[in-house]
Amino acid sequence: MHADLVVIGGGLGGVAAALTAARLGRRVVLTERSPWLGGQLTTQGVPPDEHAWIEGPAASPSYTELREGIRDHYRRFYPLTEEAAADPHLNPGAGFVSRLCAEPRVAALVLEQLVSPLLASGRLQWLREHEPVAATRSGDQVASVVVRSTRTGAETRLVAPFFVDATELGDLLPMADVEHVVGAESRAEHGELHAPEQADPLDQQAISWCCALEWAPGQDNTIPQPERYSFFATQVAPFWPGPQLSFTDVEPISLARRTRPVFAGHPDQAVTSHDKDLWHYRRVLARRHLSPDFPGGEITLVNWPQIDYWEAPLLGVDDRARDAALEDSRQLTLSFVHWLQTAAPRTEGGTGYPELRLRGDVLGTSDGLALEPYIRESRRIRALFTVHEGHIGKEMRGEGTGSEVFEDSVGTGYYRIDLHPSTAGRTYVDIDCFPFQIPLGALIPVRVSNLLPANKNIGTTHITNGAYRLHPVEWSIGEAVGALVSLCHDEDVQPPQVHADAKLRSRLQRLLADDLGVTLAWDESIRRNLPELDAPIAAVGPHSG
């Protein structure tokens with residue numbers, strides 16, 4: 001198959017890259033190994049971790065189109081109360097982690113609606129359930145990528161002048177021999193305050209195999225005891241206060257011990273503070289928004305510290321070790337669910353919540369777990385420019401200084417530098433940063449000129465990845481990459497030439513800002529001094545990703 005652009009990976013960055021390039025007139029092939037598009041929003045089961053200004057012009061129009069499409073689905077097809085239906089900022093789950101907590105299944109439907117007219121026109125071809133298996137190079141350019149159907153085993157060679165790696169682990173980078181980094185850099189390499197003294201490729205953030213739970217009063221939905229239950233019920237990491245099968249964990253910023261039950265009181269009682277219990281934090285379907293005769297129960301997504309899997313890394317190990325780690329992560333989540341159902345202390349007394357029911361249909365599975373694990377860290381390209389802590393970290397830059405201003409900005413984003421415990425035995429690194437920009441140089445590899453990243457694989461460090469890895473930033477990265485490829489076609493140039501030429505760079509920025517409505521710089525008052533946030537939105541940051 002031939003195209004103007006081949007995008008490997010259908011997460012948010014991959015969809016944004018494909019959508020943008022196709023809308024700008026390019027012929028695009030998009031592949032995704034799962035049946036759904038959306039990555040962390042859908043196949044991984046994580047509500048969008050977003051900043052406090054996401055409802056305004058800081059969000060690009062295309063990302064807003066996705067968010068409003070999700071809200072519109074609930075307004076059109078769900079029996080909402082009059083108040084909920086009329087709310088312009090409807091939050092279907094009323095979860096505290098985001099202003100838009102919704103079922104992954106619904107987000108996947110809306111993403112497919114966004115690409116539907118492009119599929120009909122032939123501008124976009126989507127190869128569902130296809131994964132990359134090989135890449136060929138011609139000099140310093142990728143010539144082709146071979147993908148294989150996970151259903152039939154049939155292989156297809158994809159040929160294009162430009163390729164995008166939007167896979168969750170940066171799978172194309174080793175296949176195409178693209179220089180990249182795995183794990184943590186040393187403090188000396190970039191002078192980062194919170195980097196370890198020695199580089200450690202095996203220092204990789206915990207993954208989480210998320211699941212969906214429904215509150216179903218009067219039912220016994222207890223699952224069989226998982227094979228690894230005894231291990232996870234007794235294993236204690238040196239940086240953790242006890243076994244993960246517990247309501248006691250670590251507050252990510254202060255590292256103080258804390259205890260949060262699944263329900264602060266009776267499950268049907270309202271909770272008004274995000275730190276009182278686990279249930280309401282990532283709830284994606286709230287009964288209070290639905291008519292009283294709606295037969296279903298409330299649903300929440302489990303992406304809690306109790307299922308962070310830090311026992312073994314996925315990168316830098318052989319396939320057998322990687323697959324064993326993935327299965328162990330599934331076992332941890334199933335063990336936690338079984339513990340919740342049988343042994344968790346109930347707030348009102350007694351033990352176990354057998355009323356909790358796994359809802360795999362919300363995630364597109366039959367076993368109750370997400371289609372894919374939530375991946376927080378990928379291989380990262382050696383880029384023309386690397387964003388490090390000194391560019392965005394508040395402690396390193398000083399109060400009131402703001403983030404570094406990049407003249408080659410192609411987008412904006414904001415999230416705390418939020419690193420979960422790692423496979424090297426490191427605890428949380430959760431520190432504040434300023435709202436930041438996305439520099440074009442971080443999207444271009446040092447040598448292979450026609451393969452671009454559109455996920456967590458851009459030119460960040462292990463530290464700054466913790467701020468650049470979240471939903472709207474990933475979308476903005478993909479959108480910038482899609483626009484960059486379109487410009488390269490127009491001008492018959494390569495991405496490094498755009499980066500090096502002020503006129504071409506300015507043209508790309510005009511395309512993004514004027515034609516696509518993308519914000520390239522923060523208002524100075526936001527860039528330099530974070531305002532006090534509303535209580536519900538204050539949850540968007542610490543330990544939420």
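- In the nomenclature of an unreviewed UniProt entry, the chain corresponds to FAD-dependent oxidoreductase from the organism Auraticoccus cholistanensis.

## Focus: the overall build of the chain
And then number 1: When you go through the chain residue by residue, the secondary structure sums to 15 helices and 22 strands.
And then number 2: Since a compact globule built from 545 residues should have a radius of gyration of about 24 Å, the 22 Å found for the chain is in line with a globular shape.
And then number 3: Viewed in the frame of its principal axes, the chain has a C-alpha envelope of about 70 × 55 × 50 Å.
And then number 4: Contacts in the chain between residues far apart in sequence, at least 24 positions, make up 72% of those at least 6 positions apart.
And then number 5: When the accessible surface of the chain is totalled, it reaches about 19400 Å², and 50% of it is carbon and sulfur.
And then number 6: Both charge centroids of the chain, one from 49 positive and one from 72 negative side chains, sit 2 Å from each other.

## Some points on the packing of aromatic side chains
The description of an aromatic ring pair uses the distance of the two centres, along with the angle that the planes make with each other.
And then number 1: Scanning the model with the defined rule gives 18 aromatic pairs in all.
And then number 2: Pairing Phe239 with Trp310 gives two aromatic rings, centres 5.0 Å apart and planes at 65°, and the pair type is edge-to-face. Of this pair, Phe239 sits in the loop between helix H7 (229-234) and strand E11 (248-250) while Trp310 is found in the loop between strand E15 (308-309) and helix H8 (319-342), placing the two residues 71 residues apart along the sequence. When sorted by exposure, Phe239 lands in the same class as Trp310, which is buried.
And then number 3: Taken together, a centroid distance of 5.0 Å and an interplanar angle of 55° make the contact between Trp240 and Trp310 tilted. With Trp240 in the loop between H7 and E11 and Trp310 in the loop between E15 and H8, the pair connects residues that are 70 residues apart, well separated along the chain.
And then number 4: For Trp240, a relative accessible area of 6% puts it in the buried group.
And then number 5: According to the relative accessible area criterion, Trp310 is buried, its value standing at 7%.

## Let's talk about the domain arrangement of the chain
And then number 1: Domain boundaries in the chain define domain 1 (5-90 + 100-185 + 376-528) and domain 2 (207-362).
And then number 2: Each side of the interface is counted separately: domain 1 has 34 residues, and domain 2 has 30 residues.
And then number 3: Buried area between domain 1 and domain 2, both sides added, is near 2600 Å², and the carbon and sulfur share of it is 65%.
And then number 4: Taken as a group, Arg376, Thr423 and Tyr428 account for 23% of the area that domain 1 buries against domain 2, more than any other trio of residues on that side.
And then number 5: Applying the counting criterion to the domain 1 and domain 2 interface returns two salt bridges.
And then number 6: As a salt-bridge pair, Arg376 and Asp308 come within 3.4 Å of each other at their nearest N and O atoms.
And then number 7: Where domain 1 touches domain 2, the interface holds seven residue pairs in polar contact (both at pLDDT 80 or more).
And then number 8: Broken down by class, the residue content of the side of domain 1 that touches domain 2 amounts to 16 nonpolar, nine polar and nine charged.

## Here's the deal with unusual backbone geometry
And then number 1: Its identity as a non-glycine residue notwithstanding, Glu129 has a phi of 50°, on the positive side.
And then number 2: Inspection of the secondary structure puts Glu129 in the loop between strand E3 (124-128) and strand E4 (130-138).
And then number 3: You will see that Asp492, though not glycine, has its phi angle at about 55°, which is positive.
And then number 4: Structurally, Asp492 can be placed in the loop between helix H12 (471-491) and helix H13 (495-500).
And then number 5: Classification of Asp492 by relative accessible area gives exposed; the value is 70%.

## Here we look at the pattern of salt bridges
And then number 1: All told, the structure shown has 48 salt bridges when counted by the stated rule.
And then number 2: Of the charged contacts, one joins Arg346 and Glu348 as a salt bridge, the two residues approaching to 2.9 Å between their closest N and O atoms.
And then number 3: The closest approach of N and O atoms between Arg359 and Asp361, which form a salt bridge, is 2.8 Å.
And then number 4: With a relative accessible area of 15%, Arg359 lands in the buried category.
And then number 5: The exposure class assigned to Asp361 is partly exposed, which follows from its relative accessible area of 40%.

## Some words on the nonpolar core
One recurring pattern in soluble globular proteins: nonpolar side chains tend to sit buried together.
And then number 1: Within the largest apolar cluster, 139 residues are counted, with the highest numbers of intra-cluster contacts made by Leu66, Leu340 and Tyr468.
And then number 2: Looking at this core, the element that brings in the most residues is H12, giving 10 residues.
And then number 3: Two domains each provide a minimum of three residues to this core, namely domain 1 (5-90 + 100-185 + 376-528) and domain 2 (207-362).
And then number 4: Those residues within four positions of Tyr468 in sequence are excluded, and the remaining contacts are Val387, Ile392, Phe406, Phe436, Gln437, Ile438, Pro439, Ile458, Thr460, Val473, Glu474 and Ile477.
And then number 5: The next biggest cluster of nonpolar side chains, apart from the first, holds 20 residues, and it includes Val6, Ala176, Val178 and Val448.

## Description of the packing of helix H1 (residues 12-23) against helix H4 (residues 104-121)
And then number 1: Where H1 contacts H4, the axes come no closer than 10 Å and their chain directions differ by 30°. Taken together, the axes of H1 and H4 lie roughly parallel to each other. H1 and H4 meet at a crossing whose hand is left-handed. Counting all contacts with H1, which are made through Val15, Leu19, Ala22 and Arg23, the residues of H4 involved are Leu111, Leu114, Val115 and Leu118.

## Some thoughts on the environment of Asp87
And then number 1: Mapped onto the secondary structure, Asp87 falls in the loop between helix H3 (82-86) and H4.
And then number 2: On the basis of relative accessible area, Asp87 is assigned to the partly exposed category, the value being 30%.
And then number 3: The sequence separation of Asp87 and Arg71 amounts to 16 residues, and the corresponding C-alpha distance is 9.7 Å.

## With respect to H12
And then number 1: Its 21 residues give H12 an end-to-end C-alpha distance of 31 Å, which sits within 8% of 30 Å, the value for a rise of 1.5 Å per residue.
And then number 2: With 18 of 21 residues buried, H12 lies mostly within the body of the structure.
And then number 3: At the exit of H12 stands Asp492, carrying a positive phi of roughly 55°.

## What to know about the sheet that holds strand E5 (residues 141-149)
And then number 1: Strand order across the open sheet formed by three strands is E4-E5-E6, with antiparallel pairing between neighbours. At either end of the open sheet lies a strand with only one pairing partner, and these are E4 and strand E6 (155-159). For this sheet, the mean inter-axis angle between neighbouring strands, taken without regard to orientation, is 25°.

## Here we look at the sheet that holds strand E1 (residues 5-8)
And then number 1: One open sheet holds the five strands; their spatial order is E3-E2-E1-E7-E22, and the pairing between them is parallel. What marks the edges here is a single partner per strand, and that holds for E3 and strand E22 (451-453). In this sheet, neighbouring strand axes are inclined to one another by 20° on average, regardless of whether the strands run parallel or antiparallel.
And then number 2: Direction of pairing for E1 relative to strand E2 (residues 28-32): parallel, over a ladder of four bridges. Residue pairing across strands places Ile8 opposite Thr31, the latter belonging to E2.

What counts and how
- Along each chain, numbering runs from 1 in the same order as the chain's sequence is written.
- Owing to the predicted nature of the model, reporting of local features is limited to residues with pLDDT of at least 70; listing and counting of side-chain atom pairs is limited to 80 or more, with chain, interface and lining totals taken over all residues.
- Working from all heavy atoms in the structure, the side-chain values ignore hydrogens and water.
- To qualify as a helix, a DSSP run of H or I must reach at least 4 residues; to qualify as a strand, a run of E must reach at least 2; elements of each kind are numbered from the N terminus.
- Here the globule rule reads 2.2 Å times residues to the power 0.38, and the radius of gyration is calculated from C-alpha atoms.
- It only takes one pair of heavy atoms within 4.5 Å for two residues to be counted as in contact.
- Areas reported here follow the Shrake-Rupley algorithm with a probe of radius 1.4 Å; residue values treat only the protein chains shown as occluding.
- Neither His nor the chain termini are counted; the positive set is Lys and Arg, and the negative set is Asp and Glu.
- Lys charges are placed at NZ, Arg charges at CZ, Asp charges at CG and Glu charges at CD.
- Side-chain rings of Phe, Tyr and Trp, where Trp is taken by its six-membered ring, are said to pair if the distance between their centres is within 6.5 Å; with planes under 30 degrees apart they count as stacked, over 60 as edge-to-face, and otherwise as tilted.
- Partly exposed describes any residue whose relative accessible area lies between the buried limit of under 20% and the exposed limit of over 50%, with all areas from a 1.4 Å probe on protein chains only and scaled to the type maximum.
- Start and end positions for the domains come from either an automated domain assignment or a database one.
- Joining two parts hides part of their accessible area as seen by a 1.4 Å probe, and the buried area is that hidden amount summed over both.
- Salt bridge, as applied in this entry: a Lys or Arg side-chain nitrogen positioned within 4 Å of an Asp or Glu carboxyl oxygen.
- In protein, a polar contact requires one atom able to donate a hydrogen and another able to accept it; more generally it is a pair of N or O atoms within 3.5 Å, and residues adjacent in sequence count only if both atoms are side-chain atoms.
- Each residue gets one label: Ala, Val, Leu, Ile, Met, Phe, Trp, Tyr, Cys and Pro are nonpolar, Asp, Glu, Lys and Arg are charged, and the others, such as Gly, are polar.
- Grouping buried Ala, Val, Leu, Ile, Met, Phe, Trp, Tyr and Cys residues that are joined through side-chain atoms within 4.5 Å yields what is termed a nonpolar core.
- Axis lines are fitted through C-alpha atoms, for helices just across the contact stretch, and the angle between N-to-C directions can take any value from 0 to 180 degrees.
- Any angle from 65 to 115 degrees is called roughly perpendicular, while one under 35 is roughly parallel, one over 145 is roughly antiparallel, and all others are oblique.
- If you view the pair so one helix is near and one far, a crossing is left-handed when the near helix is turned anticlockwise from the far one by less than a right angle, and right-handed when it is turned clockwise.
- Multiply 1.5 Å by the residue count of a helix minus one, and that product is the helix's expected span.
- Two strands qualify as a pair provided that DSSP identifies no fewer than 2 bridges between them.

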